[in-house]
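# Observations on chain architecture
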Amino acid sequence: MADDEELIRTGFRLILTSRGIDVVGEAADGVQAVTQAELLRPDVVLMDIRMPHLDGLEAAKRVLRLLPRCRVLMLTTFDLDGYVYAALAAGASGFLLKDVTAAHLAAAVRLVNTGDALLAPSITRRLVERHATTGRAAGPAHGPSTSVTRRPATHRDLAALTPRELQVLALLGRGLSNAELATALTLSEATVKTHVARIFAKLALRDRAQAVVLAYETGLVTPGG
């Protein structure tokens, strides 16, 4: 758990431990967060966006490079779309405001630990449509850097996907659930789940939120398309 406010860390630790979730370490800034994550190898990192020395977005990128199987859940006091997109582009699996309820906090940690994304794909899609083509996610003045350099369309090899998997990824990018995918493609939900799992494995995706971002950044899905 990384946050520069000790009171926040203490409160969240009490909430999580009282609900059976182990808090294995704490960090007061982004540099400590990366060091602690590498040492302790947690399943989930709660990462504040605004921290000294190294902001949470850059810290999240470094943690995920070191620990690809780790899930990062971003925390902030700012309810800004730009931060949400920047966090997703950095590889985060979810996004929470610090005024989250105790029950929601614990549920969010458990959710991302299962490999799912905290944000609904339809919400993520709207955010990506707004920010993916701008090259920069907006943030408040004097806040952390939220610059997102748009990667070229070849940053993932979509050629590794079968034609059916490309169809599934495109529909994922539009925010369809597994049930909606099954209906659209006239497949069983079990078959859809298999396709989704293979797409994630081939493209090294963590969850559906990352699939939505990827679908737009590669040009497979276009805003308003």
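This text follows the structure it describes.
Every chain is numbered on its own, with residues counted from 1 as its sequence reads. The predicted origin of the model limits local features to residues at a pLDDT of at least 70 and limits the giving and counting of side-chain atom pairs to 80 or more, whereas totals for whole chains, interfaces and linings rest on all residues. The side-chain values count all of the structure's non-hydrogen atoms but skip hydrogen atoms and water molecules.

### Observations regarding the overall build of the protein chain
- The helix and strand labels rest on DSSP assignments: H or I over at least four residues marks a helix, E over at least two residues marks a strand, and numbering proceeds from the N terminus. A count of helical and extended segments in the protein chain gives ten helices and three strands.
- For the protein chain, the N- to C-terminal ordering of α and β elements is α-α-β-α-β-α-β-α-α-α-α-α-α.
- The burial tally for the protein chain puts 49% of its 225 residues in the buried class.
- The criterion used for residue contact is that any of the two residues' heavy atoms lie within 4.5 Å. The contacts of the protein chain with a sequence gap of at least 6 include a subset with a gap of at least 24, amounting to 64%.
- For the protein chain, the accessible area works out to roughly 10600 Å², and carbon and sulfur atoms hold 53% of it. Accessible area is worked out with a 1.4 Å probe on protein chains only. A residue is then buried under 20% of its type maximum, exposed over 50%, and partly exposed in between. Here the Shrake-Rupley method, with its probe set to 1.4 Å, supplies the accessible areas, and only the displayed protein chains count as covering residues.

### Considerations on unusual backbone geometry
- Of note, His-53 is a non-glycine position whose phi angle comes to about 70°, a positive value.
- As for its position among the elements, His-53 is in the loop between β1 (44-48) and α3 (56-66).
- Residue class for His-53 comes out exposed when judged on its relative accessible area of 70%.
- Even without a glycine there, the phi angle at Ala-204 is positive, about 55°.

### A short note on the sheet that holds strand β2 (residues 71-76)
- The strand order across the open sheet formed by three strands is β1-β2-β3, and the pairing between neighbours is parallel. Where the open sheet ends on each side, the last strands, each with one partner, are β1 and β3 (94-97). Looking at each pair of strands side by side, their axes are set apart by 25° on average, direction ignored. At least two bridges found by DSSP between two strands are what make those strands a pair. Helix axes use the C-alpha atoms of the stretch in contact, all axes being lines fitted to C-alpha atoms, and the angles between their N-to-C directions lie in the range 0 to 180 degrees.

### Quick notes on the packing of helix α7 (residues 163-173) against helix α8 (residues 178-185)
- It is the contact of α7 with α8, at a shortest axis distance of 11 Å, that shows an interaxial angle of 130°. In terms of orientation, α7 lies oblique with respect to α8. The interaxial crossing formed by α7 with α8 has right-handed handedness. Together, Arg-164, Gln-167, Val-168, Leu-171 and Leu-172 of α7 and Leu-181, Ala-184 and Leu-185 of α8 make up the contact between the two elements.
- Here the nonpolar group is Ala, Val, Leu, Ile, Met, Phe, Trp, Tyr, Cys and Pro; Asp, Glu, Lys and Arg are the charged ones; every other residue, Gly included, is treated as polar. Counted by class, the contact of α7 with α8 contains six nonpolar, one polar and one charged residues. In these notes the angle categories are as follows: under 35 degrees is roughly parallel, over 145 is roughly antiparallel, 65 to 115 is roughly perpendicular, and the rest is oblique. It is the rotation of the near helix from the far one that decides the hand of a crossing: anticlockwise by less than a right angle makes it left-handed, clockwise makes it right-handed.

### So, α8
- Taken together, the buried positions of α8 are Asn-178, Leu-181, Ala-182 and Leu-185. An end-on view of α8 places all buried positions within 100° of arc, on one side of the element.
- Positive backbone phi, approximately 55°, marks Thr-186, located one or two places after α8. Arc definition: it is the arc formed by the directions from the helix axis to the C-beta atoms.

### Notes on the pattern of salt bridges
- Each salt bridge in this description consists of a side-chain nitrogen of Lys or Arg and a carboxyl oxygen of Asp or Glu lying within 4 Å of one another. Counted under the stated rule, the structure contains eight salt bridges.
- Among the salt bridges present, the one from Arg-13 reaches Glu-26, with a minimum N-O distance of 2.1 Å. Of this pair, Arg-13 sits in helix α1 (residues 6-18) while Glu-26 sits in the loop between α1 and α2 (30-40), and the two are 13 residues apart along the sequence.
- By relative accessible area, Glu-26 is classed as partly exposed at 24%.

### Some words on the environment of Thr-191
- One can find Thr-191 in helix α9 (residues 189-203).
- Residue class for Thr-191 comes out partly exposed when judged on its relative accessible area of 31%.
- Separated by 13 residues in the primary sequence, Thr-191 and Asn-178 place their C-alpha atoms 9.6 Å from one another.

### As for the side chain of Asn-178
- Mapped onto the secondary structure, Asn-178 falls in helix α8.
- Take Asn-178: its relative accessible area is 18%, and that puts it in the buried class.
- Once you skip the residues sitting within four places of it in the chain, Asn-178 turns out to touch Glu-189, Val-192, Lys-193, Val-196 and Arg-208.

### Notes on the nonpolar core
- Judged by nonpolar contacts, the single largest core of 36 residues is most densely connected at Met-47, Val-63, Val-72, Met-74 and Phe-95.
- Only α2, β1, α3, β2, α4 (81-90) and α10 (208-217) provide two or more residues apiece to this core.
- Of the residues forming this core, the biggest block, seven residues, is contributed by α4.
- Those residues in contact with Val-72 that lie beyond four places of it in its chain are Val-45, Met-47, Ala-60, Val-63, Leu-64, Ala-92, Ser-93 and Gly-94.
- If you look at the next biggest cluster of nonpolar residues, it comprises 18 residues, including Leu-172, Leu-181, Leu-185 and Val-192. Definition of nonpolar core: a set of buried residues of the types Ala, Val, Leu, Ile, Met, Phe, Trp, Tyr and Cys, connected through side-chain atoms within 4.5 Å.

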